[in-house]
Amino acid sequence: MKDYYGKRVVIYGLGYEYEKQKSFIKSEFDVVGYSDRNEYDMPLYVRPADIAEISFDYIYVTSHKLFAEIKRDILHVLKGRICESQIISFDDVWGDFRHIRHEWVVEKLEKIEAGKVLLDAGAGEQQYAPFCRHLKYIAQDFGKYDPTECRKGISEELKWDTSKVNIVCDIIDMPLENDSVDVVLCTEVFEHLKDPVPAVKEIARVLKPGGELILTAPFCSLTHMAPYYFVNGFSEFWYREHLGAHGFEICELTPDGDYFKYMAQELFRTVEMAEQYCNTHLDEEQVSILSKAVKIMTELSGADSVSAETLCFGYLIEAYKR
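Anyway, here's the lowdown on the structure attached to this text.

What counts and how
Residues numbered from 1 in each chain as written. Predicted model: local features only at pLDDT ≥ 70, side-chain atom pairs only at ≥ 80, totals over all residues. Heavy atoms only, no water. Helix = DSSP H or I, 4+ residues; strand = E, 2+ residues; numbered from the N terminus. Buried < 20%, exposed > 50% of the residue type's maximum accessible area, 1.4 Å probe, protein only. Contact = heavy atoms within 4.5 Å. Areas by Shrake-Rupley, 256 points an atom, 1.4 Å probe, with all protein chains shown as cover. Lys, Arg positive; Asp, Glu negative; His and termini not counted. Charge placed at Lys NZ, Arg CZ, Asp CG, Glu CD. Pairing = 2+ DSSP bridges. Axes fitted to C-alpha atoms, helices over the stretch in contact; angles between N-to-C directions. Core = buried A, V, L, I, M, F, W, Y, C linked by side-chain atoms within 4.5 Å. Phe/Tyr/Trp six-rings, centres within 6.5 Å; stacked < 30°, edge-to-face > 60°.

Here we take up the overall build of the protein chain. Broken down by element type, the protein chain carries eight helices and 11 strands. In terms of overall dimensions, the protein chain has C-alpha extents of about 65 × 40 × 40 Å along its principal axes. Within the protein chain, the fraction of its 322 residues that count as buried is 49%. For the protein chain, restricting intrachain contacts to residue pairs at least 6 apart in sequence, the fraction spanning at least 24 positions comes to 72%. Surface exposure of the protein chain reaches about 16,500 Å², of which carbon and sulfur atoms provide 52%. Here the protein chain contributes 36 positively and 55 negatively charged side chains, and the mean placements of these two sets differ by 3 Å.

Here you go:
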């Protein structure tokens, strides 16, 4: 990875992502300005149109989700006064150790034949509904999670709205006919079940023969969505044992991440954990050490072969009912 340490940088994006990255940003860059689509009353703030008036090496965009869109906007606003390589992201500096789960699920959904019946089991806030417009989409959830009930762990939700789900019930007893669904989507649900095996059995019941199961769950996770958090994660052997026992044939079982990406994620999270649990604000030197360690983990991940067999974020499974 290229070394950006000490470079003069304008930080673009001052919302939630900035707050999570702030300590690392300050330890890595010589920050010469801050900018955002929304105006902020803060030192060094500059409107996007005026960024070119500052002497800088790079513009660092804090948002991963909106990076491409923001980059396009910056190039348009500063046309002829900045080159594309001067706009950088978290990945450029510390590497990409995010989960690939979302992109994997979306790709699977887009390949499903139009008009098929899809059950989103444990749908929560139905984050995948927008990718199911070509399908007959049914959302199920137990509807009891309230983020204000128990603030233990890393859950960051301030509210959780499941009011739009079609079926409110226990996932192990769904009011659906046998063999009535073409596809079941079940993402990051099993760790919130006291016993996931009956859920596997129920999913097999409602799926048509030949029906598809798109399933993800963690291999190793931190406490979240408490108190409905019962299982830390599942190994590949768990899936092979229990899916196979309930009539599923696994056609894909892909690890999400590897040992080094997981370690990079947790090293990055250390600043937040120190503040939350130790009432300690790490100083710039300490954060700089963590920053270097994250980069080392990312570089090792690039040379990795099969460390996911020891530790990964989770598994991405595609299976079919026999």
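Following the structure, the description resumes.
What follows covers the sheet that holds strand 1 (residues 8–12). Taken together, four strands build an open sheet; the order of strands is 2-1-3-4 and the sheet is parallel. The open sheet has two edge strands, strand 2 (30–35) and strand 4 (87–88), and neither has a second partner. Alignment of strand 3 (residues 58–61) against strand 4, held across two bridges, turns out to be parallel. Bridge assignment links tyrosine 60 to a residue of strand 4, and that residue is isoleucine 88. The strands touched by helix 1 (residues 16–28) within the sheet are strand 1, strand 2 and strand 3, with strand 2 carrying the most contacts at an inclination of about 150°.

Within the largest apolar cluster, 40 residues are counted, with the highest numbers of intra-cluster contacts made by Val184, Phe190, Leu213, Tyr239 and Phe248. Broken down by secondary-structure element, the contributors of at least two residues to this core are strand 5 (117–121), strand 8 (181–187), helix 5 (197–206), strand 9 (207–218), helix 6 (236–245), strand 10 (248–256) and strand 11 (314–321). Phe24, Tyr34, Tyr45 and Leu267 belong to the second largest nonpolar core, which has 29 residues in total.

To continue, consider the sheet that holds strand 9. Taken together, seven strands build an open sheet; the order of strands is 7-6-5-8-9-11-10 and the sheet is mixed. Whereas interior strands pair on both sides, the edge strands pair on one side only; in this sheet they are strand 7 (167–168) and strand 10. Both strand 6 (residues 136–141) and strand 7 contribute to a ladder of two bridges, which runs parallel. Residue glutamine 140 lies in a different strand from strand 7, and its bridge partner there is isoleucine 167. Each of strand 9, strand 10 and strand 11 is contacted by helix 6, which is oriented at about 165° to strand 10, the strand it contacts most.

This part is about the packing of aromatic side chains. Counted under the stated rule, the structure contains 24 aromatic pairs. Centre to centre, the rings of phenylalanine 24 and tryptophan 94 are 5.9 Å apart; their planes meet at 85°, and the pair counts as edge-to-face. Separated by 70 residues along the polypeptide, phenylalanine 24 in helix 1 and tryptophan 94 in helix 3 (residues 90–94) bring together distant segments of the chain. The same class applies to phenylalanine 24 and to tryptophan 94, which are both buried. With centroids separated by 6.1 Å and ring planes inclined at 75°, the aromatic side chains of phenylalanine 190 and phenylalanine 234 adopt a geometry described as edge-to-face. Here phenylalanine 190, found in the loop between strand 8 and helix 5, pairs with phenylalanine 234, found in the loop between strand 9 and helix 6; they are 44 residues apart in sequence, far enough to count as distant. Neither phenylalanine 190 nor phenylalanine 234 differs from the other in exposure class; each is buried. Here a set of aromatic residues connected by ring pairs shows up, and it is made of Phe24, Phe29, Tyr60, Phe90, Trp94, Phe97 and Phe268.

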